[in-house]
Amino acid sequence: MKSALVAVVLCSALLWAQSRHKLPEILAVTNVNVVDTRYGGIRPNVTVVVKDGIISSIAKMAFIDAGTHVHVVNGAGKFLIPGLWDMNSHLSGPSAAAWDRKTLHALYLANGVTGLRDSQLDRNTIPPRETKRPEIMRPETMHPEIIGGEILGREIQGHEIRGREITNREDASAVQSMHKIPSSSDDVTELLLAQGNMPNPETGRLPVTVRGGKSFAELPVEFETREGAARSMALVNDLHRAGVQFLAGSNAPAANLLPGVSLHQVLERLVDGGFTPLQALQTATLNPALYMAKLDKYGVVDSGRVADLVLLDANPLNDIRNTQKIFGVVLRGAYFSREQLEKMLRQ
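Residues numbered from 1 in each chain as written. Predicted model: local features only at pLDDT ≥ 70, side-chain atom pairs only at ≥ 80, totals over all residues. Heavy atoms only, no water.

1. A short note on empty space enclosed by the protein
Right, on to step 1. Applying the stated rule across the entire model yields 2 cavities of 30 Å³ or more.
Right, on to step 2. Reported here for the second largest cavity is a volume of approximately 50 Å³.
Right, on to step 3. As for the second largest cavity, its lining consists of Pro 82, Gly 83, Trp 85, Thr 114, Lys 297, Tyr 298, Gly 299, Val 300, Val 306, Asp 308 and Leu 309.
Right, on to step 4. Among the residues forming the lining of the second largest cavity, the class breakdown is 6 nonpolar, 3 polar and 2 charged. (1 Å grid on protein atoms, 1.4 Å probe; cavity = no way out; pocket = protein on both sides within 12 Å on 5 of 7 lines; lining within 4 Å. Points joined across faces, edges and corners; volume = space filled by probe spheres on them. Nonpolar A, V, L, I, M, F, W, Y, C, P; charged D, E, K, R; others polar.)

Listed below in structure tokens is the structure:
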């Protein structure tokens, strides 16, 4: 009887130990300011709790078990935004062939880009599930009828307009007439990075295979004139005033379009052209989630959403360049500090 009792106790102890081992990883970001990407504004000094890669709660106070399965990040004075989406990337295209895949992932992650729309991803290809790989969506997962404020029934991205025909709606015809939008697929191309050959402090991270031994100043430029870029930006502003919603996309990777960095340049160009910082931020957060019909997963910092997050040192609603002041990144609940991100880049 005694031995049977001992066996029961040992069995219970083993089950208890196993249950402890299987406890979900918990991330808690305390005293942080959450940026509202829907309407603007800040939810100050809250604790965001993440369990199993999903935001489980956001509250002024949170009671969290102590233990090795809990990772606490002090977010005092920091600002939390959803992870950024690059809606026109080319990880599967020929422009990415010269890049090491882990290098690409590291560049995107270190710049707070946790989601990519791979414009050239084949529908039969399943991207490998890697710990440090951003979320990847195929083009066919898009729902073009959601974009454009019901004005244009085709894809309109933060830096280009391509592909689909304008709808027959009267307001669409009016916009087409007002802006003299051509019907061909090369209506507006690469308009937001039309800065001539922009100096880039991150150029040193370009792989030699991409640069071909050239300096950044020797790399080919994407545009012929600044006048053309100004005309393109004027078109963007007119469409924006007409109620068109935009998606941020960088067209990276390319020789002079550094993954991750170039998306922040797109956001800057949008603000330079008349967008508010909130509107620019929405092109890489809220709008992509709406466009993909995945607002229940991405685009806002809220309970039930996938924990793809960026922790910033300053408020992006005050200055869109603050999206580049990254303190840490959360990818599917895994936290990467600035030091860890820099280590990834050095490697």
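2. Remarks on the pattern of salt bridges
Oppositely charged side chains are able to pair whenever their charged atoms sit close together.
Right, on to step 1. This model, assessed by the stated rule, comprises 8 salt bridges.
Right, on to step 2. Note that Asp 302 is salt-bridged to Arg 38, the shortest N-O span being 3.9 Å. Placement of Asp 302 in the loop between α8 (286-291) and β9 (309-312) and of Arg 38 in the loop between β1 (26-35) and β2 (42-51) is noted, with a sequence separation of 264 residues between them.
Right, on to step 3. Residue class for Arg 38 comes out partly exposed when judged on its relative accessible area of 28%.
Right, on to step 4. Residue Arg 269 is joined to Asp 272 by a salt bridge in which the shortest nitrogen-to-oxygen separation is 3.0 Å. Of the two residues, Arg 269 and Asp 272 both sit in helix α6 (residues 261-272), 3 residues apart, roughly one turn of that helix.
Right, on to step 5. Residue Arg 269 is classed as buried on the basis of its relative accessible area of 12%. (Salt bridge = Lys/Arg side-chain N within 4 Å of Asp/Glu carboxyl O. Helix = DSSP H or I, 4+ residues; strand = E, 2+ residues; numbered from the N terminus. Buried < 20%, exposed > 50% of the residue type's maximum accessible area, 1.4 Å probe, protein only.)

3. What to know about the side chain of Arg 305
Right, on to step 1. Summarising the element assignment, Arg 305 is placed in the loop between α8 and β9.
Right, on to step 2. In this structure, Arg 305 is buried with no salt-bridge partner, the nearest side chain bearing the opposite charge being Asp 302 at 4.1 Å.
Right, on to step 3. Polar contacts involving the side chain of Arg 305 include one to the main-chain carbonyl oxygen of Ser 303, which spans 3.3 Å.
Right, on to step 4. Once you skip the residues sitting within four places of it in the chain, Arg 305 turns out to touch Arg 38, Gly 53, Ile 54, Ile 55, Leu 295, Asp 296, Lys 297, Tyr 298 and Val 300. (Lys, Arg positive; Asp, Glu negative; His and termini not counted. Polar contact = N/O pair within 3.5 Å; in protein donor to acceptor, adjacent residues only side chain to side chain. Contact = heavy atoms within 4.5 Å.)

4. Thoughts on unusual backbone geometry
Peptide bonds are, in most cases, trans, and in most cases residues other than glycine have a negative phi.
Right, on to step 1. Cis geometry marks the peptide bond from Ala 252 to Pro 253, where omega comes out at 5 degrees.
Right, on to step 2. Here Pro 253 lies in the loop between α5 (226-241) and α6.
Right, on to step 3. One non-glycine residue, Asn 45, lies in the positive phi region at around 50 degrees.
Right, on to step 4. Its location among the elements puts Asn 45 in strand β2.
Right, on to step 5. In this model, Ala 293 sits at a positive phi of 55 degrees, which is unusual for a non-glycine residue.
Right, on to step 6. With respect to the secondary-structure elements, Ala 293 resides in the loop between α8 and β9.
Right, on to step 7. What makes Ala 293 partly exposed here is its relative accessible area of 47%.

5. Let's talk about the environment of Ile 326
Right, on to step 1. Here Ile 326 lies in strand β10 (residues 326-331).
Right, on to step 2. By relative accessible area, which is 5% here, Ile 326 ends up buried.
Right, on to step 3. It is 8.1 Å that separates the C-alpha atoms of Ile 326 and Ala 110, two residues lying 216 residues apart in sequence.
Right, on to step 4. If we skip the residues at most four places from it in the chain, Ile 326 touches Ala 110, Asn 111, Gly 112, Val 310, Leu 311, Leu 312, Arg 338 and Leu 341.

6. Some details on the pairing of strand β5 (residues 79-82)
Right, on to step 1. Here β5 shows two buried faces, one formed by Phe 79 and Ile 81 and the other by Leu 80 and Pro 82.
Right, on to step 2. As paired elements, β1 and β5 share 2 bridges and run parallel to each other. Its bridge partner lying in β5, Val 34 is registered against Leu 80.
Right, on to step 3. Two elements, β5 and β9, share 4 bridges in a ladder whose sense is antiparallel. Among the inter-strand pairings, Leu 80 is bridged to a residue of β9, identified as Leu 311. (Pairing = 2+ DSSP bridges.)

7. A closer look at the nonpolar core
Considering soluble globular proteins, one finds that nonpolar side chains tend to be buried as a cluster.
Right, on to step 1. One finds Ile 81, Leu 84, Leu 109, Leu 270, Leu 281 and Leu 341 to be the most contacted residues of the largest nonpolar core, which totals 49 residues.
Right, on to step 2. In terms of residue count, helix α2 (residues 101-110) provides more of this core than any other element does, 6 residues in total.
Right, on to step 3. Other than its neighbours up to four places away in sequence, Ile 81 contacts Val 35, Leu 281, Val 301, Leu 309, Val 310, Leu 312 and Pro 316.
Right, on to step 4. Residues Val 32, Val 50, Val 73 and Val 301 belong to the second largest nonpolar core, which totals 17 residues. (Core = buried A, V, L, I, M, F, W, Y, C linked by side-chain atoms within 4.5 Å.)

8. What about helix α9 (residues 338-346)?
Right, on to step 1. Every buried residue belonging to α9 is among Leu 341, Met 344 and Leu 345, and all of these are buried. Angular distribution of buried residues about the axis of α9 spans 100 degrees; they occupy a single face of the element. Exposed and facing more than 90 degrees away from the buried side of α9 are Glu 339 and Arg 346.
Right, on to step 2. At its buried positions, α9 is contacted by α2, β10 and β11 (334-337). (Arc of directions from axis to C-beta.)

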